[in-house]
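# Close look at the chain arrangement
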Amino acid sequence: MRVVFYLFSGTGNTNKVCQLYQRAFEQEGHTVDIFDIDEHCIEQQPCVELARYDLCGFFYPIYAFNAPQNIVDFIKNIPVQSMESKIPCFIITSSGEPLNMNYAARFKIQKAIKRQPLVLIAQYNYVMPYNIIFRHSDERAYQMITTAKALIPIEAKEIISIASGTTTSYSLPKVSKLEHLISFFLRIESWGGRIIGRFYKVTDACTKCGLCIKRCPVKNISASKDNTPIFGKKCLICQRCSMYCPTNAIKTGLLHSWKVHKPYTFNKPTEPAPTNDKSARYLRKSYENYFREAEKKISQYNLKNK
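Now for a quick tour of the structure. What you see as residue numbers is a count from 1 along each chain, following the sequence as written. Thresholds applied to this predicted model are a pLDDT of at least 70 for local features of residues and 80 or more for the giving and counting of side-chain atom pairs; totals over whole chains, interfaces and linings are not thresholded and use all residues. Where side-chain values are given, they derive from all heavy atoms of the structure, hydrogens and water being excluded.

So, on to the overall build of the protein chain. Within the protein chain, the secondary structure is distributed over 10 helices and 9 strands. The C-alpha atoms of the protein chain give 20 Å as radius of gyration, which agrees with the globular expectation for 306 residues (19 Å, within 12%). Projected onto the principal axes, the alpha-carbon positions of the protein chain cover approximately 60 × 50 × 40 Å. When each of the 306 residues of the protein chain is scored for burial, the buried share is 50%. Note on contacts: a residue pair qualifies if any of its non-hydrogen atoms lie within 4.5 Å across the two residues. Across the protein chain, contacts joining residues at least 24 apart in sequence account for 81% of those joining residues at least 6 apart. Computed by Shrake-Rupley with a 1.4 Å probe, the accessible areas treat only the displayed protein chains as cover when residues are assessed. Accessible area of the protein chain: about 15,700 Å², with a carbon and sulfur share of 52%. The protein chain carries 42 positive and 25 negative side-chain charges, and their two centres are separated by 5 Å. Each helix is a run of H or I in the DSSP string that is no shorter than four residues. Each strand is a run of E no shorter than two, and both are numbered from the N terminus. Put simply, the radius of gyration uses C-alpha atoms, and a globule should come to 2.2 Å times the residue count raised to 0.38. The buried label goes to any residue with under 20% of its type's maximum accessible area, the exposed label to any with over 50%, and the partly exposed label to all in between, with areas taken from a 1.4 Å probe on protein chains only. Under this rule, positive means Lys or Arg and negative means Asp or Glu; His and the chain ends count for nothing. In this description, the location of a charge corresponds to atom NZ of lysine, CZ of arginine, CG of aspartate or CD of glutamate.

What follows is about the environment of Ile213. Structurally, the position occupied by Ile213 is in helix α7 (residues 211-215). Look at Ile213 and you get partly exposed, because its relative accessible area is 23%. It is 7.0 Å that separates the C-alpha atoms of Ile213 and Pro229, two residues lying 16 residues apart in sequence. Ile213 has contacts with Ile221, Ser222 and Ala223, leaving out every residue within four places of it along the chain.

Take the side chain of Thr147 next. Inspection of the secondary structure assignment puts Thr147 in helix α4 (residues 138-164). The exposure class of Thr147 is buried, given its relative accessible area of 11%. With near-sequence residues (within four places) excluded, Thr147 lies in contact with Tyr290, Phe291, Ala294 and Ile298.

Structural data, given as structure tokens:
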């Protein structure tokens, strides 16, 4: 089976999940192409030849319980192709909190998918550390990536089974009417980000290296005559520019008190998390339930396949 992954990753967490899926699919004997939409601006989008593939996946982070607008626009702008049958597709997301409402992030994508020769067959979400609000501890980040590494080979096999028709019992995760309504109202973040992003600015610590300009996924950052970054009106508030700034020189406007700087290592910590660690208290029961359910699924799979 030939498979294509369409990927958007803000600060790298979703990319890690995508790479794990690529490995899992290839270990099952399938060919995987990854199409990173960062490299293809909507205005210059090339023809995406869906007819070449038997299965496709959409990978993206969840922002305010919704899909980032750039991947929605990307799917809408894929040239519609005439095919004898629809291609099965699946959604893989990453989020900072283990709440069921995250599954509402598929609805805008579903509308875009209906315009294409595609049929949605599955959706999975993985909890990964925040790139905004606060920094998860190294211990928590390691737990998240370890869980994803164990779950993804299992769930990749489930997707393959659904696509091939050998599994018929799967259904998309349920979202309550209230969760759907909250998600709908939080779509305000999409255009709100364009306003907030205009108030991003650099401090005197800026070395004018240009990394933020090169890395912005929607080309929202340009350079002034003296190469100082200028922030425009298309910001996704993905936080990539501020997280990866080598001198921590970017002030993120109204979101600055929530800023998380420097990527996570995901290495196993050599010391325990501090006793005052916010991430240990935040949504504690929800995290415990997420990891417990993941461990249950992993254990059941291992017992079944001994």
